[in-house]
Amino acid sequence: MSTAQLVVQHLPYLRRYARALTGSQMAGDAYVAATLETLVSEPETIGPSGNVKVELFQVFTRIWNSLSVNGRSEQIQRDLPAEVRLGQITPLPRQAFLLSCLEGFGEEEVGQILDVDTRTVRDLVDEAGRELAADMATDILIIEDEPLIAMDLESLVEGLGHNVTGVARTRTEAVKLAAAKQPGLILADIQLADGSSGLDAVNDLLKSFEVPVIFITAYPERFLTGERPEPAFLIAKPFQPANVSAVISQALFFQQSARRREARAATA
């Protein structure tokens with residue numbers, strides 16, 4: 001596979017990271033486009049013998065950190081629909097947190113991308129965790145047909161301070177549980193036990209109320225396109241606890257931002 005083909009393969013992940021980092025798909029794509037332009041003008045930046053994904057994120061990071069405005073903790077484009085409170089985290093810890101917990105890079109890889117040592121990476125991720133430790137507790141509905149995975153998710157979610165309202169194995173069970181108690185967030189497997197789809201279950205639920213949804217799948221590449229609409233929040237199986245924690249935090253921050261915008265619009 002050529003270097004160009006490998007870059008294309010990793011683009012959806014870079015777009016996801018850029019969206020989370022900047023607070024909007026539009027702004028994130030501008031940085032991704034600048035990254036691709038750099039690769040065209042400096043093709044030697046990525047070599048066939050290196051880690052193409054790490055090198056791709058390195059180029060993106062070099063461009064992102066070259067602008068002094070990105071050293072601030074506040075987002076510039078607050079009117080965009082994907083504004084996230086992650087933007088209020090100190091910039092370098094935010095990058096380390098997203099690279100490690102959302103994108104799944106190892107400590108050494110994060111260090112290469114950010115040009116810091118592994119001890120600094122740990123300190124940055126810890127700092128981000130402390131800054132994220134605001135009161136975010138909510139009720140969570142889990143839609144998962146594999147009992148062991150459901151138990152792991154339930155334990156993890158409760159360990160983060162959230163309350164599990166129930167575990168559904170099918171689309172029908174999910175609708176019943178949500179009707180009994182409306183959740184503040186949904187964790188949903190895409191393929192369920194009775195052959196039904198977690199996507200369909202979520203669509204049924206979102207007809208009645210609006211909450212952030214995190215999809216879980218063994219085939220993330222089928223759903224992660226970098227375009228809307230898509231499962232905006234996606235966890236790949238097998239998942240790491242830190243990844244689940246990161247995505248839950250991100251999803252809740254998206255929702256908080258949307259509610260603040262709605263409140264401001266209502267009083268304007």
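Residues numbered from 1 in each chain as written. Predicted model: local features only at pLDDT ≥ 70, side-chain atom pairs only at ≥ 80, totals over all residues. Heavy atoms only, no water.

- For the protein chain, an unreviewed UniProt entry supplies the name Response regulator and the organism Microvirga splendida.

### Some points on the overall build of the protein chain
Step number 1: Counting its secondary structure elements, the protein chain contains 10 helices and five strands.
Step number 2: Counting over 268 residues, the protein chain shows a buried share of 51%.
Step number 3: For the protein chain, the exposed area adds up to about 12900 Å²; of that, 52% sits on carbon and sulfur atoms. (Helix = DSSP H or I, 4+ residues; strand = E, 2+ residues; numbered from the N terminus. Buried < 20%, exposed > 50% of the residue type's maximum accessible area, 1.4 Å probe, protein only. Areas by Shrake-Rupley, 256 points an atom, 1.4 Å probe, with all protein chains shown as cover.)

### Structural notes on the nonpolar core
Step number 1: The biggest cluster of nonpolar side chains holds 53 residues, and the ones touching the most others in it are F60, L187 and I214.
Step number 2: Counting residues per element, this core draws most heavily on helix α3 (residues 52-66), at eight residues.
Step number 3: What L187 contacts, discounting residues up to four positions off in sequence, is I140, L141, I142, I143, L153, V157, I214, I216 and I235. (Core = buried A, V, L, I, M, F, W, Y, C linked by side-chain atoms within 4.5 Å. Contact = heavy atoms within 4.5 Å.)

### Regarding the packing of helix α2 (residues 25-41) against α3
Step number 1: One way to put it is that α2 packs onto α3 with a least axis distance of 9 Å and a crossing angle of 115 degrees. Between α2 and α3, the crossing angle belongs to the class labelled roughly perpendicular. In the packing of α2 onto α3, the handedness of the crossing is right-handed. Side by side, α2 and α3 meet where G28, Y31, V32, A34, T35, T38 and L39 of the first sit next to L56, V59, F60, R62, I63 and W64 of the second.
Step number 2: Taken together, the residues of the contact of α2 with α3 break down into nine nonpolar, three polar and one charged. (Axes fitted to C-alpha atoms, helices over the stretch in contact; angles between N-to-C directions. Parallel < 35°, antiparallel > 145°, perpendicular 65-115°, else oblique. Left-handed = near helix turned anticlockwise from the far one by under 90°. Nonpolar A, V, L, I, M, F, W, Y, C, P; charged D, E, K, R; others polar.)

### Some words on the UniProt feature "modified residue: 4-aspartylphosphate" (unreviewed entry) in the protein chain
Step number 1: Feature annotation in UniProt assigns "modified residue: 4-aspartylphosphate" (unreviewed entry) to the following positions: D189.
Step number 2: Inspection of the secondary structure assignment puts D189 in strand β3 (residues 185-189).
Step number 3: The exposure class assigned to D189 is buried, which follows from its relative accessible area of 4%.
Step number 4: Here D189 is in contact with I143, E144, D145, G198, I216, T217 and K237, once residues within four sequence places are set aside. (UniProt positions renumbered as here; feature names shortened; annotations may be inferred.)

### Here we look at the side chain of H162
Step number 1: Structurally, H162 is set in the loop between α7 (147-159) and β2 (163-168).
Step number 2: Taking the relative accessible area as the measure of exposure, H162 reaches 7% and is therefore buried.
Step number 3: In this structure the side chain of H162 is engaged in a polar contact, spanning 3.1 Å, whose partner is the backbone nitrogen of T138. (Polar contact = N/O pair within 3.5 Å; in protein donor to acceptor, adjacent residues only side chain to side chain.)

### Quick look at α2
Step number 1: Taking 1.5 Å as the rise per residue, α2 with 17 residues should run 24 Å; its terminal C-alpha atoms sit 24 Å apart, in good agreement.
Step number 2: Every buried residue of α2 is listed here: Q25, A27, G28, Y31, V32, T35, T38 and L39.
Step number 3: Those residues of α2 that are buried lie in contact with α1 (3-22) and α3. (Expected span 1.5 Å × (residues − 1).)

### Quick look at the packing of aromatic side chains
Step number 1: Applying the stated criterion across every chain, the model contains five aromatic pairs.
Step number 2: Between Y17 and F57, the aromatic rings sit 5.4 Å apart at their centres with planes inclined by 50 degrees, giving tilted as the arrangement. Note that Y17 is positioned in helix α1 and F57 in helix α3, a separation of 40 residues in sequence. Across the pair, F57 and Y17 agree in class, each one buried.
Step number 3: Aromatic rings pair up to connect Y17, Y31, F57, F60, W64 and F105 into one cluster. (Phe/Tyr/Trp six-rings, centres within 6.5 Å; stacked < 30°, edge-to-face > 60°.)

### Some thoughts on the environment of L99
Step number 1: Structurally, L99 can be placed in helix α4 (residues 91-102).
Step number 2: Sequence spacing of L99 and F57 is 42 residues, and the spatial spacing of their C-alpha atoms is 9.2 Å.
Step number 3: When sequence neighbours within four positions are dropped, the list of residues in contact with L99 reads Y17, F57, G104, F105, V110, I113 and L114.

### A short note on the packing of α1 against α4
Step number 1: One way to put it is that α1 packs onto α4 with a least axis distance of 10 Å and a crossing angle of 145 degrees. In this structure, α1 crosses over α4, and the sense of that crossing is right-handed. Judged by residue contacts, R16, Y17, A20 and L21 of α1 engage R94, Q95, L98, L99 and L102 from α4.
Step number 2: Partitioned by chemical class, the residues of the contact of α1 with α4 number six nonpolar, one polar and two charged.

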